Amino acid sequence: MGSLHRACAWKRDDRQRKIDALPVTYKEPLTPAEEKIHALPLATLVTQCRSGLLNPADVMQAYAKKMLVAQKESNCITDIMVSHALESPSLAHCGPGADSDTRAEDSRHLLGVPVSVKDSFDIEGHDTTIGLARFSNKPAQTSAPIIRLLRDAGALIHVKTTVPTALFSMETESDLFGRTTNPYKATHGVGASTGGGGALVAWGGSMVEVGSDVAGSVRIPAHTCGIWSMKGSVGRFPVLGNMSPMTGLEAVPILTGPLANSLDNLEEFYKRVIDMEPWTYDHTCVPLQWRPLDLLEEGRKLKWGVIWSDHTIPPTPACKRALSTVVGALKADGHEVVDFSPPIEEVLGVGYQIVFADGGRQIRNVLLPGETLNAALVSVLKHVSRSRFGRTIRRLWSFITGNSEEEYPDILQEKNIVEERQLIVQRDELRQQWHDKWQNEGLDFVLTVTFPFPALKNGDGEKASLMSASYTFLFNMLDYSAGVLPVTNVRKDLDSLPMDFQSTSMYQSLSTPARQAWSTYDAEKMDGLPLSVQVVGRRFEEEKVFAGMRVIEAALKKKNVLFIGKKDAV
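Residues numbered from 1 in each chain as written. Predicted model: local features only at pLDDT ≥ 70, side-chain atom pairs only at ≥ 80, totals over all residues. Heavy atoms only, no water.

As annotated in an unreviewed UniProt entry, the chain carries the name Amidase signature enzyme and is attributed to Armillaria gallica. Under the UniProt heading Sequence similarities (unreviewed entry), the entry covering the chain gives this text: "Belongs to the amidase family." (UniProt positions renumbered as here; feature names shortened; annotations may be inferred.)

Undergrad: How do you make sense of the overall build of the chain when you look at a structure like this?
TA: Within the chain, the regular secondary structure consists of 23 helices and 13 strands. Against the compact-globule benchmark of 25 Å for 570 residues, the chain has a radius of gyration of 23 Å, which places it among compact chains. The C-alpha extent of the chain, read off along each of the three principal axes, is 75 × 65 × 50 Å. Within the chain, buried positions represent 60% of all 570 residues. Within the chain, counting contacts between residues at least 6 apart in sequence, those at least 24 apart form 81% of the total. Looking at the chain as shown, the accessible area adds up to about 22,400 Å², and 52% of this sits on carbon and sulfur atoms. The positive charge centre, built from 62 side chains, and the negative charge centre, built from 68, are 3 Å apart in the chain. (Helix = DSSP H or I, 4+ residues; strand = E, 2+ residues; numbered from the N terminus. Rg over C-alpha atoms; globule rule 2.2 N^0.38 Å. Buried < 20%, exposed > 50% of the residue type's maximum accessible area, 1.4 Å probe, protein only. Contact = heavy atoms within 4.5 Å. Areas by Shrake-Rupley, 256 points an atom, 1.4 Å probe, with all protein chains shown as cover. Lys, Arg positive; Asp, Glu negative; His and termini not counted. Charge placed at Lys NZ, Arg CZ, Asp CG, Glu CD.)

Undergrad: Looking at this structure, how should I read the confidence of the model for the chain?
TA: Atom-level detail of predicted coordinates should not be read off regions where pLDDT is low. Confidence in the prediction for the chain averages 91 pLDDT; 91% of positions are at 70 or higher. Predicted confidence for residues 97–105 stays below pLDDT 50, and this span has eight contacts to residues more than four positions away or in other chains. Contacts from residues 405–409, a stretch scored under 50 in pLDDT, to residues over four places away or in other chains number twelve contacts. (pLDDT = per-residue confidence, 0-100.)

Undergrad: Could you clarify how one ought to interpret the pattern of salt bridges in this entry?
TA: Pairing between side chains of opposite charge can happen when the charged atoms of each approach one another. What the rule picks out here adds up to 27 salt bridges. In this structure, glutamate 268 and arginine 272 form a salt bridge, with 2.6 Å as the shortest nitrogen-oxygen distance. Here glutamate 268 pairs with arginine 272, and both are found in helix H9 (residues 263–275), just four residues apart, close to one helical turn. Accessibility expressed as a relative area gives 14% for arginine 272, which makes it buried. Where arginine 300 meets aspartate 444, a salt bridge forms, and the shortest distance between an N and an O atom there is 3.3 Å. (Salt bridge = Lys/Arg side-chain N within 4 Å of Asp/Glu carboxyl O.)

Undergrad: Help me understand the UniProt feature "active site" (unreviewed entry) in the chain, please; the structure alone is not making it clear to me.
TA: UniProt's entry tags Lys118, Ser193 and Ser217 with the feature "active site" (unreviewed entry), counted in the numbering of this structure. What stands out for the annotated residues spanning 100 residues is how close their C-alpha atoms remain, the widest pair being 10.5 Å apart. Checked against the element boundaries, lysine 118 lands in strand S2 (residues 114–118). Residues within four places of lysine 118 in sequence aside, it is in contact with Lys160, Thr161, Val163, Leu167, Ser193, Thr194, Glu209, Val210, Gly211, Ser212 and Ser217. Within the structure, the side chain of lysine 118 is placed 3.1 Å from the side chain of threonine 194, a separation counted as a polar contact. Mapped onto the fold, serine 193 is located in the loop between strand S5 (178–179) and helix H7 (195–203). (Polar contact = N/O pair within 3.5 Å; in protein donor to acceptor, adjacent residues only side chain to side chain.)

Undergrad: It is not clear to me how the packing of aromatic side chains should be interpreted in this structure. Could you clarify?
TA: The geometry of two aromatic rings is summed up by the distance between their centres and the angle between their planes. Taken as a whole and assessed by the stated rule, the structure comprises 16 aromatic pairs. Relative to phenylalanine 546, the ring of tyrosine 270 lies with its centre 5.6 Å away and its plane at 65°, an arrangement referred to as edge-to-face. One end of the pair, tyrosine 270, is in helix H9; the other, phenylalanine 546, is in helix H22 (residues 542–558), with 276 residues separating them in the sequence. The residues tyrosine 270 and phenylalanine 546 share a single accessibility class, namely buried. Taking the centre distance of 6.1 Å and the plane angle of 90° together, the rings of tryptophan 434 and phenylalanine 475 count as edge-to-face. Residue tryptophan 434 is located in helix H16 (residues 417–441), and its partner phenylalanine 475 is located in helix H18 (residues 470–478); the two are separated by 41 residues in the primary sequence. An aromatic cluster is defined as three or more aromatic residues linked by ring pairs; in this entry it consists of Phe237, Phe269, Tyr270, Trp290 and Phe546. Of note, lysine 544 hangs over the ring of phenylalanine 445, and the distance from its end group to the ring centre comes to 5.5 Å. (Phe/Tyr/Trp six-rings, centres within 6.5 Å; stacked < 30°, edge-to-face > 60°. Lys NZ or Arg CZ within 6 Å of the ring centre and 35° of its normal.)

Undergrad: Is there a simple way to explain the sheet that holds strand S1 (residues 77–80) in this structure?
TA: Backbone hydrogen bonds are what pair the strands of a sheet, in a parallel or an antiparallel way. As summarised here, the arrangement of the eleven strands in space is S1-S3-S2-S6-S8-S7-S12-S13-S11-S9-S10, forming an open sheet in which the pairing is mixed. Of all the strands in the sheet, the pair left with one neighbour each is S1 and strand S10 (336–339). Adjacent strand axes in the sheet meet at a mean angle of 25° when their direction is disregarded. As defined by bridge partners, strand S7 (residues 228–231) adjoins strand S12 (residues 481–489) across three bridges and the pair is classed as antiparallel. Its bridge partner being in S12, methionine 230 is matched across the sheet by glycine 483. Sheet strands in contact with H18 are strand S6 (208–213), S7, strand S8 (255–260), strand S11 (445–448) and strand S13 (530–537), and its direction is about 20° off that of S13. (Pairing = 2+ DSSP bridges. Axes fitted to C-alpha atoms, helices over the stretch in contact; angles between N-to-C directions.)

Undergrad: Any chance you could explain the pairing of strand S3 (residues 156–161) here in plain terms?
TA: Remark: a regular strand shows side chains that alternate across the two faces of the sheet. Taking burial as the measure, the six residues of S3 include six buried ones, the bulk of the element. The pairing of S1 with S3 spans three bridges and is classified as antiparallel. Paired with isoleucine 77 across the bridge in S3 is threonine 161. Where S2 lies against S3, four bridges are found, and the strand directions are parallel. Within S3, the residue paired with valine 115 across the bridge is isoleucine 157.

Undergrad: For this particular structure, what's the right way to read unusual backbone geometry?
TA: Trans is the prevailing form of peptide bonds, just as negative phi is the prevailing case for residues other than glycine. Of the consecutive residues alanine 192 and serine 193, the connecting peptide bond is found in the cis state with omega at 5°. Look at leucine 167: it is not a glycine, yet its phi comes out positive at around 75°. Position of leucine 167 relative to the elements: it lies in the loop between S3 and strand S4 (173–174). Of note in this structure, serine 465 is not a glycine but carries a positive phi near 70°. Along the chain, serine 465 turns up in the loop between helix H17 (461–464) and H18. Classification of serine 465 as buried rests on a relative accessible area of 18%.

Undergrad: Teacher, can you tell me more about the nonpolar core here?
TA: Grouped burial of nonpolar side chains is what soluble globular proteins tend to show. Residues Met67, Leu150, Phe269, Trp304, Val535 and Met549 are the most contacted members of the largest nonpolar core, which totals 108 residues. Counting only domains with at least three residues in this core, you end up with domain 1 (3–97 + 106–280) and domain 2 (303–358 + 415–568). With residues up to four places along the chain from it excluded, the contact list for leucine 150 reads Leu110, Val115, Ala155, Ile157, Val210, Phe269 and Val273. Judged by nonpolar contacts, the second largest core, of 57 residues, contains Val214, Ile307, Trp438 and Leu456. (Core = buried A, V, L, I, M, F, W, Y, C linked by side-chain atoms within 4.5 Å. Domains from an automatic or database assignment.)

Undergrad: Where do I start with the packing of helix H2 (residues 32–39) against helix H4 (residues 56–74) in this structure?
TA: Each pair of packed helices gets described by two things: the angle between the helix axes and the distance between those axes. Put simply, H2 and H4 touch, their axes get as near as 9 Å, and they point 90° apart. The orientation of H2 with respect to H4, classified from their angle, is roughly perpendicular. Within the contact between the two elements, H2 uses Glu34, Ile37 and His38 and H4 uses Asp58, Val59, Gln61, Ala62, Tyr63, Lys65 and Lys66. Within the contact of H2 with H4, the residues separate by chemical class into four nonpolar, two polar and four charged. (Parallel < 35°, antiparallel > 145°, perpendicular 65-115°, else oblique. Nonpolar A, V, L, I, M, F, W, Y, C, P; charged D, E, K, R; others polar.)

Written out as structure tokens, the structure reads:
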């Protein structure tokens, strides 16, 4: 047996041993009392734990039961830490009296809140695999700042969640743990790379997941799993101790951010992390206090700019309908909504060059012999390698394969230091263009789709390609705050393509990569899957984005637009 197979077998066996060691009661259905605990919003749960009305162990049992169901149905867990969660020093002295005169000094802002973390964060004594067999059975020596902060705040960090091999993917799958499937349809995926966390939160096995995001990794799983997420600006959330196969990528830095089972819980979690002064844990954090904002109470009518397409892979009918639904609800509520056309392709072109400026060397170097990368990433890395051989050979390759040479231009060529620095200059010039256009048009927010498709059918990630993440990657390049909220569900009666679609002008207008990506779209098979929108503010406007998301939810409610979530469907 090779090193790859030994590592995979050991890791899966270790996970099963930990599941088997859980109390028998965790494997029983929730009691009526536990159902009530599970339904509590974050703020109420913390208050009751602090006052002694609730015991964190009872909270843990309710969520652990759901966690085991999620693992059985979706395969979304990599490591179990339930007993360690309950041994945290911050849980000591829970009970009557905890909310006495010392309450203002009590830093346990997340006491009793079940929090899962992506398998990219270091937790002392536990592996950080990022889906790679190389890191199996190699426990971290120290915990990441965000982990220490959460434990000090009293959070119950109970599990780590699945990721794709080396993180970059459209699907959550690895040799180490296998495939994670969608909570709504097991035939479909959960996106990536915080896919396991998206599935776990949707199943109710965690109230909040802490994930990471360099191109949409907390937002795409939120979209596919029908939950809420937030990607802030660089420096707002602790990021140290969060592993990546592409370390040192400061030009498009990796971020951390939460996914949650409601907008209230998402915002409460974000606020309470900021209240813990994360800059005292992680030197990369900006010392910026929480700035409350309530646009609903203000009653001010807002101006929203809409990006309908990235001009590469247009949104499919279902996703476009979700965006149109939000636009219609905002207009009906008296808000101004206008089309917004800033430079998009230019930003993405620079971004792809920066991300793969190393020619894919870092990712290749962490693989064990025989380890499988997802097909979408393999396709990109092949083109990166091919570009090193020059334009003449790529033209020959184009002739042999029948693929257009323009589909994979020189943007994927390995860069030297001077070329990379020139790209950063271009990035900053484009950021200024966005700033000026946003300012001149007087926008409060920008709206767009999160992803051009609903959750993809298992195995379709290669067809969709990594280019499908452009709607999220765009705002990593700009360092804008971006939140995701579910809007509605796919309906085969509304969202199906016409039978003669390939003869329509719409199909004829699609590029070859877009046609291939759209071949994954099947509204009948996707019926019932979640659909979301992405709400974007400028740098360090996380509080404003939360407020904008509330405005949207209120407008949708007035129009009686109902999203059917996992908890509503079971």
